[in-house]
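The chain contents come next:
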Amino acid sequence: MNNIDRIVLNASVFTADPANPRAEAVAMRGNRIVAVGSNAEIEALCGPGTRVIGAEGRTVMPGFIDTHFHLLWGSLELADAQLGGVRSLEELSDRLRAFAAEFPDKPWLAGQGMPYLKLPGEAALTRRHLDRIIPDRPLAITTYDGHTVFANTAALTLAGLLHGGDAGPGSEIVMLPDGTASGELREPGAFKPVTGLIPEPDGAEKRALLHRGLAEAAALGITSVHNMDGDLDQLTRYAALEDVGELTLRVYAPYSVKPETVESELEEAVEMSRLNPGGMARGGAAKFFMDGVIESYTALMLDDYTGAPGNKGDALYSADHFNRMATACDALGLQIFTHAIGDGAVRRTLDGYAAARTANGVRDSRHRVEHLEVVHPDDLPRFVDLGVIAAMQPEHAPGRPDGADIWPARVGTERWDRSFAWRTVRNAGVRLVFGSDWPVVTQSPILGIHAALNRKPWTEGGVDHSQALEETLASYTREAAYAEFKEGEKGMLKAGYLADVVMLSEDIFACPGEEIARIRPVMTVCDGRVVFEELKK
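Residues numbered from 1 in each chain as written. Predicted model: local features only at pLDDT ≥ 70, side-chain atom pairs only at ≥ 80, totals over all residues. Heavy atoms only, no water.

**A short note on the sheet that holds strand β20 (residues 335-340)**
Okay, so step 1: Judged by pairing direction, the sheet is parallel, and its six strands sit side by side in the order β17-β19-β20-β21-β22-β23 without closing on themselves. Looking at strand neighbours, the two that pair on one side only are β17 (255-256) and β23 (432-434), the edges of this open sheet.
Okay, so step 2: Pairing between β17 and strand β19 (residues 285-289): two bridges, direction parallel. Bridge pairing in β19 places Y255 opposite A286.
Okay, so step 3: Set on the sheet, helix α11 (residues 343-360) makes contact with β20 and β21 (368-371); between it and β20 the angle comes to about 160 degrees. (Pairing = 2+ DSSP bridges. Helix = DSSP H or I, 4+ residues; strand = E, 2+ residues; numbered from the N terminus. Contact = heavy atoms within 4.5 Å. Axes fitted to C-alpha atoms, helices over the stretch in contact; angles between N-to-C directions.)

Below, the structure written as structure tokens:
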């Protein structure tokens, strides 16, 4: 055993392996874990070329698996104005004007990550507000969830939308009383005519931005992502990075199915599953959008939105359309991920999975529902019966109902207990996995863990959906690996498993739950290679 590459000693090892949950040390050779055990057992494996790393009591655990991520999209957004955390029109103005001054030659200005602003008197943000900030160049601002774009008059004029237009089902160009567009464009059918005009980065800039996104992920301890948008071209891009040793995390990339996609085009998803077998970048799944989001009334609900009688939102797929496409994907052996925010969308998605099972027979499909921000309790047993996985994002839940976030008011108090219902979902026996939805929120798994542990009920006596630390870590590791059919080779620290490992700045189990946000990774190993390190050598 004198060819052991590195050993980590004196650690508080969380293995995520139920058969051997805790240890003191880990040994790695190549891209595999050789042994997990006591200091004495692991130190005995040390050879002349072995790097010995002293953890000094820090947590060592499997690398984080983010089950809902947008690698290329998030990376490309790093070139735009960053508007996360903006809370007022004045702050929005300051950031946009500073960005415009920094890049005076950009023909278009784009901003990313803006919250849905509450303006004085409950006024809505319009193009006229944006015209006062940036009057002389087209401007398009995408909200943090990626489902709404706000555009100024110059952008709307160039896109031919100043006087409205046909946005298609599930999308809306919000209009002013004078018959002109307000500037608020809900869902892709409304905003793509604008965003499609924004010049794309060239190949070299895309590559550089992707490296920035990868570096950020490595620094946050992320060793795998389930990429929620993709096609053969994007997967090929990741595989090319892998070929030259520049891919620093594993990417599971589904094929994006759109409402206009026809069954014959699903062959691209099959081709993606064959492209890079055994590699760090792979396909094998299909991704659908069933509905939009609560904030813009585009999520499909079972009952009316609060304060909006007759409005239950909408779906991008009729029940028959989704049943047909889900059945086709399932017949091809593809795993299905479906964005379903509202409880109506969740139910329609489960109906589609049930239809696929009826048509194709029972198999270990592990289809998933992404987000399920509101879920009806009657549907939870169906997750278990159908073997469907719930993929949720702790950082999406508003911390309190009376803050700047408009989400709680949209659904109303009667639905609060079944909103972001992590505890109810888990207690129902549903497999629950966690992720970020970057760039919708930060990539940081630590901040996601902090949100999961410190969630408070929104009403006195309301359901407490907060999570325990060990189950939360499992949802970012072992359970996340199961959600991509890789539970036999990653997600745990176990002999023979892939050497995807993260060392944290301290023992996470000794840290008070309310202080976990202070923890940070100090070393990340992916595929046996150190891709991030802050340790003193």
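**What about the environment of A218?**
Okay, so step 1: As for its position among the elements, A218 is in helix α7 (residues 203-219).
Okay, so step 2: Each C-alpha atom of the pair A218 and P104 lies 32 Å from the other, and the pair is 114 residues apart in sequence.
Okay, so step 3: Apart from the residues within four sequence positions on either side, A218 is in contact with T524, V531 and F532.

**Concerning helix α6 (residues 188-195)**
Residue pairs spaced three or four apart in an α-helix point in one direction, given the helix's 3.6 residues per turn.
Okay, so step 1: Taken residue by residue, α6 has A190, F191 and V194 as its buried positions. Seen end-on, α6 carries its buried residues on one side only, within an arc spanning 70 degrees.
Okay, so step 2: Taken together, the buried residues of α6 touch β11 (139-143), β12 (148-151), α5 (153-159), β13 (172-175) and β14 (181-186). (Buried < 20%, exposed > 50% of the residue type's maximum accessible area, 1.4 Å probe, protein only. Arc of directions from axis to C-beta.)

**Looking at the pattern of salt bridges**
Okay, so step 1: Taken as a whole and assessed by the stated rule, the structure comprises 33 salt bridges.
Okay, so step 2: Through salt bridges that share partners, R347, D351, D379 and R382 make up one connected network. (Salt bridge = Lys/Arg side-chain N within 4 Å of Asp/Glu carboxyl O.)

**Some remarks on the packing of α7 against helix α8 (residues 232-243)**
Okay, so step 1: It is at 13 Å that the axes of α7 and α8 come closest, and there the two elements cross at 75 degrees. The angle between α7 and α8 places the two elements in the roughly perpendicular class. Every residue of α8 that contacts α7 at K206, R207, L210, H211 and L214 is listed here: R237, Y238 and L241.
Okay, so step 2: Here the residues of the contact of α7 with α8 are counted per class, giving four nonpolar, one polar and three charged. (Parallel < 35°, antiparallel > 145°, perpendicular 65-115°, else oblique. Nonpolar A, V, L, I, M, F, W, Y, C, P; charged D, E, K, R; others polar.)

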